[in-house]
Amino acid sequence: MAAYESTMSAVDFEDYFPSMIVRLGAEGFIGELCNGFQLLMDCEKGLITFESLKRNSFLLGLQDMGDDEFVCMLREGDLDGDGNLNQLEFCILMFRLSPGLMDGSKQWMQAEAWESFNYPDGDF
């Protein structure tokens, strides 16, 4: 994990996710995350594996990363312990790695909840 964190701190990262949500809307943004998953996944397994991540790392500009850093990236997002990322795990990881999304998620969630539960007459 430390190797992954040290590599990521060395990479000049600009968080475009919040502006993408504003531009695309929540559904459009999730669609784009799913497209990103499709680019990185192993087509036969339907998962992002170590091999597929390493093979497609140039798409992310990460072709110079070491194997241990790829393993750390997978571990960071692997919620079910299989060593790979399914689409949900990938999307959750992308949210977790975006400081802007994490900071704004509470406000977005509150706004969505208000909209979902807003009664026509304004009463709760």
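Residues numbered from 1 in each chain as written. Predicted model: local features only at pLDDT ≥ 70, side-chain atom pairs only at ≥ 80, totals over all residues. Heavy atoms only, no water.

A. Quick look at helix 2 (residues 17-40). Taking 1.5 Å as the rise per residue, helix 2 with 24 residues should run 34 Å; its terminal C-alpha atoms sit only 18 Å apart, a clear shortfall. Within helix 2 the residues assigned to the buried category are Phe-17, Pro-18, Met-20, Ile-21, Phe-29, Leu-33, Cys-34, Gly-36, Phe-37 and Leu-40. (Helix = DSSP H or I, 4+ residues; strand = E, 2+ residues; numbered from the N terminus. Expected span 1.5 Å × (residues − 1). Buried < 20%, exposed > 50% of the residue type's maximum accessible area, 1.4 Å probe, protein only.)

B. Examining the pattern of salt bridges more closely. For the structure on display, the rule yields two salt bridges. In this structure, the salt-bridge partner of Lys-54 is Asp-67, at a minimum N-O distance of 2.6 Å. Residue Lys-54 is found in helix 3 (residues 50-55), and its partner Asp-67 is found in helix 4 (residues 67-77); the two are separated by 13 residues along the sequence. Overall, Lys-54 belongs to the partly exposed group, its relative accessible area being 37%. (Salt bridge = Lys/Arg side-chain N within 4 Å of Asp/Glu carboxyl O.)

That is the geometry; function is a separate question.
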